[in-house]
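As a plain string of letters, each chain reads:
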Amino acid sequence: MTKSPPDQKINSAGLVDAYGDVQRIENIFYSFIVLILLGLVAGIFIVMSTNSVVAAAIIAVSILPVMASLYLVQRHRFELAATFLALVLITVITMIATNGLGIHHISVLGYPAILIIASLVTRNRTMVIITLYNLLCAAWLVFGELSGAYVPGMLVRSVPGDFFSVAIILMLTAAMVRFVAASMFQSNTQRVQELKERKLAEEKYRTIFDNAIDGIFQSTPEGRFISVNPAMAHMYGYESPAEMIRSITDISTQVYVDLNARTELRQRLANGEKLSGYKSLDYRKDGTTFWTSMNVQAIRDGNGNILYYEGTLEDITHRKTTDEALRASEERYRTLFNGMLDGVYRSTHAGRFVDVNPAMVKMFGYESREAMLAIDIKKDMYFALEDRKSLFLDTGQEKVDTFRMKRRDGSEIWVEDHGRYIQDEHGNVIFHEGILRDITPRLIVEAERRQAEEILQQFKNIMDESNDAIFIIDPVTSRYKYFNGRACTMLGYSHEELGALSGINVATHLHNLDIWHERVELVREKNGLIFETKYRRKDGTIIPVEVSTRLLEYTGGETIVAFVRDITERRQAEQEREKLIGELEAKNRELEQFTYTVSHDLKAPIITIKGFLGFLEKDITEQKPERVHGDVLRINEAVDKMHRLLTELLELSRIGRMMNEPENIPFEGLVQDAMDIFHGQLEAHYVTVHTQPDLPAVHGDRQRLTEVLQNLIDNAVKYRGAQPDPRIEIGQRGEEDGKPIFFVKDNGIGIAPEYHERIFGLFNKLDARAEGTGIGLTLVKRIVEVHGGRVWVESEADKGSTFYFTLPAKTDD
């Protein structure tokens, strides 16, 4: 069947709703037009019997437009066809009545029949037009006659033709109305049946729709819900489907958390897909989110245009949360398993690995997990079979064991095993699982810590050998936190007795804590303080003392370090002012320098040791063996440095106190002694040494004077720089105060004039990266001065250095 254009569909839509399908309406119109044509033909014969030729001609002419209406019916222009027929028939009736009896003509009875039939197929607006036209025609018949516009053809008198005309009109009207009514009844009956069937189907659908556990919906492509069931509304947090439909005006923004999800869904449905299990994260009414799974399809009209979407929806939040939790748990386990620094394993009782983590593979030196799974644990990981036997394996109890094992390269590793048996429901061992921790570095650390403690004890012993009393004091309470043996001897207390006292109990200038705090602030402001005061001994006697103090950072806080020297003998020897004062000033400078040494240079290795012990413990915990080796190396270096410092400090402290018997010594003999010590070093660096002949003899301690030349030669070699021909010249140049002036000259890097005095200070190294402790020239100065001489240097940068020193000449015994 040919499809109707859009305007025809609009004209026939009302009739289709009333009478059924288009074909039925078309058949009704065909039947109706045939009846009209039969009536018109019968009318011709009737009026011819009364010799009404004009009326017969009018009726005959009207047959043509009636047949023309068949074209409109064929085009399904039903309302237009009905209107056209009504107008034609009203016109024909009016013309016949005008030519006959006017308003009294029997044909006028056709007016209501036409209106009745026309009202069945036309709209109200069209019906008004037809009715108005009919009224105009009736008005013409009445008022036209009254006004004389026309004159009825005869007087009003009944004739037999009137009966036949009325009869035909009534029969035609009755037949037509009956035909239409029958058609309508049949159509309505079918429609009622269809409505009943539809209602039953809708009731079944509504029951399913309202009671379904899952959500059921229909929505427009534009983003509004057409219908939702109660489960759907409840799922999204709405009290009723009506509230949900009313509230959600844009599904894209009000339902979907991800706007792209709605766009993707529309595109896939537009491409003809029926989506099953389409997952999305949606918003509830209160803004919370939940996961849904949707089955949805697009419903289309006959032309393939999408009318709406319909589908079902399930809340899968719990299922998705459970799945994600399970997956996350598995991922966390695998991440933990692979990321642990300790080794994690599972093994059979027979001695095969089931699984090992990367740390385990690395710990034992294997190239891959697969390589480690292939080994025989008993044979490849133990030095002896009995090493594998333990209380844990014998009893099956959960416990921690420590034992040694073997790496792939055969080296030894000590481990701590946290393990247990896994058994089936019958108590049979399935496998053994546990965590292995490499404790080899820890054992090394413990050994190193013991060594460090021994070094610290050695340091304390050296402090106890000092001639000065050394105190470490709490700056808040003035309590003694540490003191050496010399402090007890000086003040006459036992160690326990002195430990119960404080600075206020001993120093006469400290009367209370307020004065103590003032002194602490003064020490802080001046970055150290040297002063003289008096100390009270246990027996009540008062002794004069010289105190050198400094405020230091120690174990996370501040502490006072005080070096106290008994100056009783100095006071007794005050009659000798000039020489003794000079010596005391030198001693004070040395004491101050020594204080700085203890507070800085000696503390630095201790801090290094303590710091790297912390790093060592951390690196062991984090299983970083390469860094453990570096930490141990740094600790050993700090220990060696401290040992050198303590040895040389001890040597320095002994100069002037512990001397050998002085003797007359040929200076060439001292040079030869020093050269013998440095013979290998001089040859290794291609250093040439020239010694002036006929050097004078000197009087002094042979060992100490040899140390002077040792240190000066060592400096000359050490600071030769890039000199291609390093040379050292040793000789004598004149006298000073009756003492010969000796020199050691080199052609090395030289010393800028501003550093000439500084280099003789304790630990003053111009190049912090150079070897040695910085005590060498201090020893030279101290030895020379103990022998009554002096030492100085003449040098310029890049022009070599010449060290001069005076020594007492030989005596005449």
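Structural data are supplied above this passage.
Residues numbered from 1 in each chain as written. Predicted model: local features only at pLDDT ≥ 70, side-chain atom pairs only at ≥ 80, totals over all residues. Heavy atoms only, no water.

**As for the sheet that holds strand β21 (residues 791-795)**
Then comes step 1: In spatial order, the strands read β17-β19-β20-β22-β21; together these 5 strands make up an open sheet with mixed pairing. Edge positions in the sheet fall to β17 (688-691) and β21, since each has one partner strand and no second. Here the average twist between neighbouring strands, direction ignored, is 20 degrees.
Then comes step 2: Of the strand pairs in this sheet, strand β19 (residues 727-736) and strand β20 (residues 739-746) are connected by 7 bridges, and their pairing is antiparallel. Bridged to Ile730 within β20 is Val744. (Pairing = 2+ DSSP bridges. Helix = DSSP H or I, 4+ residues; strand = E, 2+ residues; numbered from the N terminus. Axes fitted to C-alpha atoms, helices over the stretch in contact; angles between N-to-C directions.)

**Examining the side chain of Thr440**
Then comes step 1: The residue Thr440 is located in helix α17 (residues 440-464) in this model.
Then comes step 2: Separated by 2.8 Å, the side chain of Thr440 and the backbone nitrogen of Trp414 make a polar contact.
Then comes step 3: If sequence neighbours within four positions are ignored, Thr440 has contacts with Ile413 and Trp414. (Polar contact = N/O pair within 3.5 Å; in protein donor to acceptor, adjacent residues only side chain to side chain. Contact = heavy atoms within 4.5 Å.)

**So, the sheet that holds strand β3 (residues 275-283)**
Then comes step 1: Sheet architecture is open: 5 strands sit in the order β2-β1-β5-β4-β3, paired in antiparallel fashion. At either end of the open sheet lies a strand with only one pairing partner, and these are β2 (225-228) and β3. Taken pair by pair, the neighbouring strands of this sheet meet at an average axis angle of 30 degrees, ignoring direction.
Then comes step 2: With 7 bridges connecting them, β3 and strand β4 (residues 289-300) associate as antiparallel partners. Directly across from Asp282, in β4, lies its bridge partner Phe290.

**Points about the environment of Phe471**
Then comes step 1: Tracing the sequence through the fold places Phe471 in strand β11 (residues 469-473).
Then comes step 2: Linking Phe471 and Lys481, residues 10 residues apart in sequence, is a C-alpha distance of 7.6 Å.
Then comes step 3: Apart from the residues lying within four places of it in its own chain, the contact partners of Phe471 are Tyr480, Tyr482, Phe483, Ala487, Leu491, Leu498, Tyr535, Ile560, Val561, Ala562 and Val564.

**Details of the pairing of strand β10 (residues 429-438)**
Then comes step 1: Inspection of the sheet shows strand β6 (residues 343-347) paired to β10 by 5 bridges, in the antiparallel sense. Paired with Arg346 across the strands is Glu433, a residue of β10.
Then comes step 2: Relative to β10, strand β9 (residues 412-423) is paired through 9 bridges, and the arrangement is antiparallel. Directly across from Asp417, in β10, lies its bridge partner Leu436.
Then comes step 3: Between β9 and β10, which follow one another and run antiparallel, lie 5 residues, and Gly427 among them has a positive phi close to 85 degrees.

**Observations regarding the packing of helix α2 (residues 22-49) against helix α3 (residues 53-74)**
Then comes step 1: At their nearest, the axes of α2 and α3 sit 9 Å apart, and the two run at 170 degrees to each other. Between α2 and α3, the angle falls in the class roughly antiparallel. Between α2, through Glu26, Phe29, Tyr30, Ile33, Ile36, Leu37, Leu40, Val41, Gly43, Ile44, Val47 and Met48, and α3, the contact on the second element is made entirely by Ala55, Ala56, Ile59, Ala60, Ser62, Ile63, Val66, Met67, Ser69, Leu70, Val73 and Gln74.
Then comes step 2: Residue composition of the contact of α2 with α3, grouped by class: 19 nonpolar, 4 polar and 1 charged. (Parallel < 35°, antiparallel > 145°, perpendicular 65-115°, else oblique. Nonpolar A, V, L, I, M, F, W, Y, C, P; charged D, E, K, R; others polar.)

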